[in-house]
Amino acid sequence: AQLFAQYEAKEKAATAKAKWIFWGILAVGILVAAVLKEFLVGVIIVIAAFIVKKIMEAPAKKQIREACDSEAAQVAKDHDVFGCDYVGLGAYGFKEEKGESLEGFVNIYTPVAKALKEGGKYFMYHNHAHEFKRADGKLILSQIAERMPAELMGFTVDTYWVQVGGGDPAQWIERLSGRVPCIHLKDCAYGQQMAVVGEGNINFDRVFEKAEAAGTKYMLVEQDDCYEDPFVCMKKSYDYLRARGLY
């Protein structure tokens, strides 16, 4: 992600520089045509301004495409070692003040997702709570799902973070049906404490029902913070899932 962000920054700088030069040449063309009455020469200069702008922007865009192709190809090969079909992005800030905009996300990861697809992989985004903030009156998570095509990107729905963000985990799994091959099972107890699956307040029976209908293949237990031995927590979650007939 950092590599692609660097190339995107270079593209923005190149585009900004190209714009300044473009407007400078354009001004000269207009001046020649209007003041010196050399209309044909002015038109030629204006056309040249557009050509120069395109030429200056092209290298940065090419670098982004090449970086996406080469890095994604290697990532796909690394995942082949483990027989893994899914490549996940753990988080993205979506903070305008830090240059992490929705538009930036789409620009960076659309070519990444396409390159991974060519390598036989499916790009996945893992949510946290901040995607449940609203931008321009609409949830960020909804906007991500709309802007990134289902054939290019899926979602690793994290049940805990959906609930912390004020959403309904089962409802979101249903809304993202067909693009949630993997989900994270993590319970949410009082005080937003991460809990063993089945010991918090998430309605997992509905989660399981919606996950099956949505085509989910893998439900992965995840508990970042444990209030007792992590292996004890893992066994409790395992026992809970076995008791629900899940293996």
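Notes on the structure follow. Here the residue index of a chain counts from 1 through its sequence in written order. Under the rules for a predicted model, residues below a pLDDT of 70 receive no local features and side-chain atom pairs below 80 are neither given nor counted, while totals for whole chains, interfaces and linings still include all residues. Processing note: side-chain calculations cover all non-hydrogen atoms of the structure and skip hydrogens and water entirely.

## Structural notes on the packing of aromatic side chains
Inference 1: Only the six-membered ring of Trp is used, alongside the rings of Phe and Tyr, when aromatic pairs are assigned; centres must lie within 6.5 Å, and planes under 30 degrees apart are stacked while those over 60 apart are edge-to-face, with the rest tilted. Enumeration according to the criterion identifies 13 aromatic pairs in this entry.
Inference 2: Ring centres of Y86 and Y122 lie 6.5 Å apart, and the angle between their planes is 65°; on these two criteria the pair is classed as edge-to-face. With Y86 in strand β1 (residues 86-89) and Y122 in strand β2 (residues 122-126), this residue pair connects regions lying 36 residues apart in the sequence. In this structure, Y86 and Y122 share a single accessibility class: buried.
Inference 3: One aromatic cluster in this structure is built from Y92, F94, F105, Y109, F123 and Y125. Secondary structure elements are taken from DSSP: a helix is a run of H or I of four residues or more, a strand is a run of E of two residues or more, and numbering for both begins at the N terminus. For the exposure calls, accessible area comes from a 1.4 Å probe over protein chains only, and a residue counts as buried if that area is under 20% of its type's maximum, exposed if over 50%, partly exposed in between.

## Notes on the pattern of salt bridges
Inference 1: By salt bridge we mean one thing: a side-chain nitrogen of Lys or Arg within 4 Å of a carboxyl oxygen of Asp or Glu. The tally for this structure, following the rule as stated, stands at 12 salt bridges.
Inference 2: As a salt-bridge pair, D80 and K121 come within 2.6 Å of each other at their nearest N and O atoms. Remark: K121 occurs in the loop between α3 (102-118) and β2 and D80 occurs in helix α2 (residues 39-81); sequence separation between them is 41 residues.
Inference 3: The exposure class of D80 is partly exposed, given its relative accessible area of 46%.
Inference 4: In this structure, R206 engages D168 in a salt bridge whose closest nitrogen and oxygen atoms are separated by 3.0 Å. On the criterion of sequence distance, the pair formed by R206 in helix α7 (residues 204-213) and D168 in the loop between α5 (159-164) and α6 (169-175) is long-range, its members being 38 residues apart.
Inference 5: Judged by its relative accessible area of 27%, D168 falls in the partly exposed class.

## Things to note about α3
Three- or four-residue spacings in an α-helix give side chains the same orientation, since the helix completes a turn every 3.6 residues.
Inference 1: Take the number of residues in a helix, subtract one, and multiply by 1.5 Å to get its expected span. When the terminal C-alpha atoms of α3 are compared, their 24 Å separation across 17 residues agrees well with the 24 Å that a helix rising 1.5 Å per residue should span.
Inference 2: Each residue is assigned a bend, namely the angle between axes fitted to the seven residues that terminate at it and the seven residues that start at it. Most pronounced at Y109, the bend in α3 amounts to some 30°, and the proline P111 follows within four residues.
Inference 3: Within α3, burial applies to L102, G104, F105, V106, I108, Y109, T110, V112, A113, A115 and L116.
Inference 4: One or two steps after α3, the chain reaches G120, where phi turns positive at roughly 85°.

## Digging into helix α8 (residues 230-243)
Inference 1: Look at α8: 20 Å from first C-alpha to last across 14 residues, which is about the 20 Å you get at 1.5 Å a residue.
Inference 2: Those residues of α8 that fall on the buried side of the exposure criterion are C233, S237, Y240 and L241. Summarising the axial view, the buried residues of α8 lie within an arc of 95°, below the 170-degree limit, and thus occupy one face. When the buried face of α8 is taken as reference, the exposed residues oriented beyond 90 degrees from it are F231, K235 and A243.
Inference 3: Against the buried residues of α8 lie β6 (182-185), α7 and β9 (218-221).
Inference 4: N-cap assignment for α8: the residue whose side-chain oxygen lies 2.7 Å from the backbone N of F231 is D229. The arc under discussion is defined with respect to the helix axis, by the directions toward the C-beta atoms. We call two residues contacting when some pair of their heavy atoms lies within 4.5 Å. Two N or O atoms count as a polar contact when they lie within 3.5 Å, although within protein this holds only if one can serve as hydrogen donor and the other as acceptor, and sequence-adjacent residues are included solely when both atoms are side-chain atoms.

## A few points about the side chain of H184
Inference 1: Mapped onto the secondary structure, H184 falls in strand β6.
Inference 2: Since its relative accessible area comes to 14%, H184 is described here as buried.
Inference 3: A polar atom in the side chain of H184 sits 3.1 Å from the side chain of H126.
Inference 4: Only 2.8 Å separates the side chain of H184 from the side chain of E222, close enough to count as a polar contact.
Inference 5: Leave out the neighbours within four places in its chain, and H184 touches H126, T156, V157, D158, T159, L220 and E222.

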